[in-house]
Amino acid sequence: MSNAINPSQNVAFNLIVVNNNPSNPTSMLMEIAQKHKLNFNPHNLQLDFHGKRISPELLAKIADLARQSGKSNNPITLKNLNLSDLDLSEVNLSGLNMPGANLSGANLKDANLKDAKLERANLNKANLTGADLTGPNLMHADLTGAFLRGAILSNTDLTGADLTGATLPRDD
């Protein structure tokens with residue numbers, strides 16, 4: 001799998017820390033959005049990436065900020081996220097709301113996707129070996145050719161998901 005990122009589409013930022021404490025997570029997400037010409041609506045808590053590719057490091061930072069600011073019943077939505085072909089092994093994406101995310105060909109080996117919302121996500125040929133898929137919403141997701149060996153699929157909603165050619169977990 002290639003994790004090359006086209007520099008013209010790459011979004012990166014430096015986390016601003018004041019007195020070793022990050023400022024308000026929602027404010028920081030607004031700052032990131034402004035800096036990288038993304039749409040962030042603080043009223044409905046949606047961050048729109050317009051299909052731009054981001055680095056795994058930036059995703060991890062945004063995921064942490066999203067979890068911090070979305071602790072209520074209204075989690076932050078990361079829209080139009082393009083993470084195709086990236087190495088996201090062992091990344092923590094738990095609890096994130098990423099409808100329609102493009103994770104095709106991504107390496108999500110041993111990733112934490114617990115309670116993630118991935119409705120209509122493209123996980124075509126994604127490596128989900130050993131990933132924690134406890135409780136996520138994968139309704140109508142494209143999992144064609146995905147590798148799910150050793151993945152934890154407990155309370156996972158796969159309603160309408162396409163698992164054609166997927167390598168499924170098995171009892172050994």
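The notes below deal with the structure included here.

Rules and cut-offs
Residues numbered from 1 in each chain as written. Predicted model: local features only at pLDDT ≥ 70, side-chain atom pairs only at ≥ 80, totals over all residues. Heavy atoms only, no water. Helix = DSSP H or I, 4+ residues; strand = E, 2+ residues; numbered from the N terminus. Buried < 20%, exposed > 50% of the residue type's maximum accessible area, 1.4 Å probe, protein only. Contact = heavy atoms within 4.5 Å. Pairing = 2+ DSSP bridges. Axes fitted to C-alpha atoms, helices over the stretch in contact; angles between N-to-C directions. Core = buried A, V, L, I, M, F, W, Y, C linked by side-chain atoms within 4.5 Å.

### Let's talk about the overall build of the protein chain
Then comes step 1: When its secondary structure is counted, the protein chain shows two helices and seven strands.
Then comes step 2: In the protein chain, the order of α-helices and β-strands from amino to carboxyl end is β-β-β-α-β-β-β-α-β.
Then comes step 3: Relative to its 172 residues, the protein chain shows a buried fraction of 42%.
Then comes step 4: In the protein chain, once contacts between residues fewer than 6 apart in sequence are set aside, the share between residues at least 24 apart is 27%.

### Overview of the sheet that holds strand β7 (residues 77-79)
Then comes step 1: Read across the sheet, three strands follow the order β4-β5-β7 without closing on themselves; strand pairing throughout is mixed. Every other strand in the sheet has two partners, leaving β4 (39-41) and β7 as the edge strands with one partner each. Across the sheet, the mean angle from the axis of one strand to that of its neighbour is 10°, orientation sign disregarded.
Then comes step 2: Taken together, the three bridges between strand β5 (residues 46-48) and β7 define a ladder with parallel strand orientation. Bridge pairing in β7 links Gln 46 to Thr 77.
Then comes step 3: Packed on one face of the sheet, helix α1 (residues 25-35) meets β4 and β5 and runs near 155° to β4.

### With respect to the nonpolar core
Then comes step 1: Grouped together as the largest cluster of nonpolar side chains are 48 residues, with contacts concentrated most on Leu 47, Leu 78, Leu 81, Leu 88, Leu 103, Leu 108 and Leu 128.
Then comes step 2: Per-element accounting of this core gives the leading share, six residues, to helix α2 (residues 56-69).

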